[in-house]
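The lines below spell out each chain.
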Amino acid sequence: MRDFARSESAAVQAQLDRLARLSVPDGRLGLETIRALLGRLGNPHRRVPPVFHVAGTNGKGSTCAFLRAMLEAQGYSVHMTTSPHLVHYNERIRVASELILDERLAELLAEVLDASEDLNPSFFEVTIAAAFTEFARVPADACVVEVGLGGRFDATNVLEPEVLAACGIAALGIDHERFLLAPEEGVPSEPIARIAFEKAGIAKAGVPLAVIAESNPPEAEAMIESVTSKVGAQLIMANSYGNGAIDPEAQDYPEPGIRGPHQERNAALAHAMLRSQNRILVDEAAIEKGIAHASWPARMQLLQKGPLTDLAGERQVWLDGGHNRNAGDAVAKAFPGPLHLVLGMLDNKDPRALIEPLGNRLRSVTIVPVPGHDAHPVEAFAENALGADGVEEALRNLPTDDCPVLIAGSLYLAGEVLRINEEMPD
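Anyway, here's the lowdown on the structure attached to this text. (Residues numbered from 1 in each chain as written. Predicted model: local features only at pLDDT ≥ 70, side-chain atom pairs only at ≥ 80, totals over all residues. Heavy atoms only, no water.)

**A word on the overall build of the protein**
- Along the protein, the regular secondary structure elements total 14 helices and 14 strands.
- Taking 426 residues into account, the globule formula puts the C-alpha radius of gyration at 22 Å, and the protein, at 21 Å, falls close to it.
- Structurally, the protein occupies a C-alpha span of about 60 × 55 × 45 Å along its principal axes.
- Expressed as a percentage of its 426 residues, the buried residues of the protein come to 58%.
- Only carbon and sulfur atoms are counted for the fraction: they give 48% of the accessible area of the protein, which is about 17,600 Å².
- Distance from the positive charge centre (37 side chains) to the negative charge centre (59 side chains) of the protein: 3 Å. (Helix = DSSP H or I, 4+ residues; strand = E, 2+ residues; numbered from the N terminus. Rg over C-alpha atoms; globule rule 2.2 N^0.38 Å. Buried < 20%, exposed > 50% of the residue type's maximum accessible area, 1.4 Å probe, protein only. Areas by Shrake-Rupley, 256 points an atom, 1.4 Å probe, with all protein chains shown as cover. Lys, Arg positive; Asp, Glu negative; His and termini not counted. Charge placed at Lys NZ, Arg CZ, Asp CG, Glu CD.)

Structure below.
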């Protein structure tokens, strides 16, 4: 399975086609390839503005969105790299607070791919090398960098203490088991402790690392404490403002702009990361504004009126890319009433992850394919689940009632939904 990447720009598409031909480095662990590639590019990762580095199973992308919103509310320009993209590859590289333009993206990818031809890098390694190369060239005040997978061996983990302002770990859960739980001598074997060990691999000597105290089970917190202590990182155990203010003397915080009760934890993590460091000043007014105005597509997103939502009549249509049990629990808290679920899940994900938490609130379950990816068939789900050829057919065939619809199960499916509804991320 590969990341999909399509562009209306012929110049960009030519480079994306080169990206698509890269081999998948199954079983290859380590940072040697990305370091070699960055070395050929002049080690741009050592010359970027102060970096906020975020890992986690669930919520790391939302935390990045809150960080960006808080920094920009203070008037700073922000570089950001996140993954995956939903509709356009450009979403992965935001330069000085704007999505990278097609013309520059084509030039940048060509430069990095030319430099990497004999290194056999992955899609993600080339993307990160391209992002860091541009971040080193274009002036900005800060960088926000999302870990792709894990932490210890993620391509973003070439970042060194000298450029890091703060690190953070969002909520942990069991995901990407094939990569993160593979047996390895000298590392924990218990699943959640192993996940915590991998994520805590971003900790660096002398750099604050923030965690929201109630986000993770005790064995995960103990592992994070152990790793940070060994490397000499400063561990910041913060509280979500949903369970008591981050700062007892601060005013009440607004409702997060990204929907869902779990987003309070992600906003609190972003806040804790900013407050733990002294390289970039962000005041309380900017924190408040950032919390209220942050946006992150396909995370409890209420879709606008468009070609797809018109098929559902007057009912609300929600979109969430969640695909593991932790995400299912968060979605269940956000939907206390009955709803219809349209679900597409990659075949390496647990088909029960979203259905079980929603339980008897489900009025119908319709299973759809995930375009371009191997997905679970309808037979993998509940006996009363229905099948449809795509989200459009699923919405056309909904029962006659006014219950809202949730489309969920995959960020790849979410991208297709946004494309069909002509609701492009910006």
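**Looking at the packing of aromatic side chains**
- Taken as a whole, this structure holds two aromatic pairs when the rule is applied.
- Considering the side-chain rings of Tyr-89 and Phe-123, the 5.9 Å spacing of their centres and the 70 degrees angle between planes classify their relative orientation as edge-to-face. On the criterion of sequence distance, the pair formed by Tyr-89 in the loop between β2 (78–81) and β3 (93–95) and Phe-123 in helix α5 (residues 123–137) is long-range, its members being 34 residues apart.
- Here Phe-123 falls in the buried class, since its relative accessible area comes to 12%. (Phe/Tyr/Trp six-rings, centres within 6.5 Å; stacked < 30°, edge-to-face > 60°.)

**Details of the environment of Gly-30**
- Assignment of secondary structure puts Gly-30 in the loop between α1 (10–20) and α2 (32–40).
- Taking the C-alpha atoms as reference, Gly-30 lies 40 Å from Asn-421; in sequence the two are 391 residues apart.

**A word on the pattern of salt bridges**
- Counted by the stated rule, this structure contains 18 salt bridges.
- A salt bridge links Glu-146 to Lys-60; the shortest N-O distance between them is 4.0 Å. Within this pair, whereas Glu-146 is found in strand β5 (residues 142–146), its partner Lys-60 is found in helix α3 (residues 60–73), the two being separated by 86 residues in sequence. We note that Glu-146, like Lys-60, is buried.
- Here Asp-350 and Arg-352 are joined by a salt bridge, their closest N and O atoms 3.1 Å apart.
- For Asp-350, a relative accessible area of 31% translates into the label partly exposed.
- Here Arg-352 falls in the partly exposed class, since its relative accessible area comes to 48%.
- Salt bridges sharing partners connect three or more residues here, namely Arg-18, Asp-114 and Glu-117. (Salt bridge = Lys/Arg side-chain N within 4 Å of Asp/Glu carboxyl O.)

**Remarks on unusual backbone geometry**
- In this structure, Pro-84 follows Ser-83 across a cis peptide bond, with omega equal to -10 degrees.
- If you trace the backbone, Pro-84 turns up in the loop between β2 and β3.
- Phi angles above zero are rare outside glycine, and Ala-96 is one such case at about 50 degrees.
- Considering the arrangement of structural elements, one finds Ala-96 in the loop between β3 and β4 (98–99).
- Positioned with a positive phi, Ala-298 is a non-glycine residue whose angle comes to about 70 degrees.
- Within the secondary structure layout, Ala-298 lies in the loop between α10 (284–293) and β9 (301–302).

**A closer look at the sheet that holds strand β7 (residues 208–212)**
- Strands sit in the order β4-β3-β2-β5-β1-β6-β7-β8 across an open sheet of eight strands; the sheet is mixed. Of all the strands in the sheet, the pair left with one neighbour each is β4 and β8 (234–238).
- Of the pairings in the sheet, the one linking strand β6 (residues 164–169) to β7 comprises three bridges and is parallel in character. The residue of β7 that forms the bridge with Ile-169 is Val-211. (Pairing = 2+ DSSP bridges.)

**Side note on the nonpolar core**
- Counting 61 residues, the largest nonpolar core has Leu-19 and Leu-109 as its most contacted members.
- With nine residues, α5 is the single largest residue contributor to this core.
- If near-sequence neighbours (up to four positions away) are discounted, Leu-109 is found in contact with Gln-15, Leu-16, Leu-19, Tyr-89, Val-126 and Ala-130.
- Formed by 35 residues, the second largest nonpolar core is a distinct cluster that contains Cys-64, Ala-65, Ala-165 and Ala-170. (Core = buried A, V, L, I, M, F, W, Y, C linked by side-chain atoms within 4.5 Å. Contact = heavy atoms within 4.5 Å.)

**Section: the side chain of Thr-156**
- Along the polypeptide, Thr-156 turns up in the loop between β5 and β6.
- Discounting residues that sit within four places of it in the chain, Thr-156 has contacts with His-53, Phe-124, Ile-128, Phe-132, Val-145, Glu-146 and Val-147.

**Quick look at the packing of helix α4 (residues 102–115) against α5**
- Packing of α4 against α5 leaves a shortest axis separation of 9 Å and a crossing angle of 115 degrees. Of the two possible hands of crossing, α4 and α5 adopt the one that is right-handed. Note on element contacts: α5 touches α4 through Val-126, Ala-129, Ala-130, Thr-133, Glu-134 and Arg-137, opposite Arg-104, Leu-108, Leu-109, Glu-111, Val-112 and Leu-113.
- Among the residues making up the contact of α4 with α5, the classes are represented as seven nonpolar, one polar and four charged. (Axes fitted to C-alpha atoms, helices over the stretch in contact; angles between N-to-C directions. Left-handed = near helix turned anticlockwise from the far one by under 90°. Nonpolar A, V, L, I, M, F, W, Y, C, P; charged D, E, K, R; others polar.)

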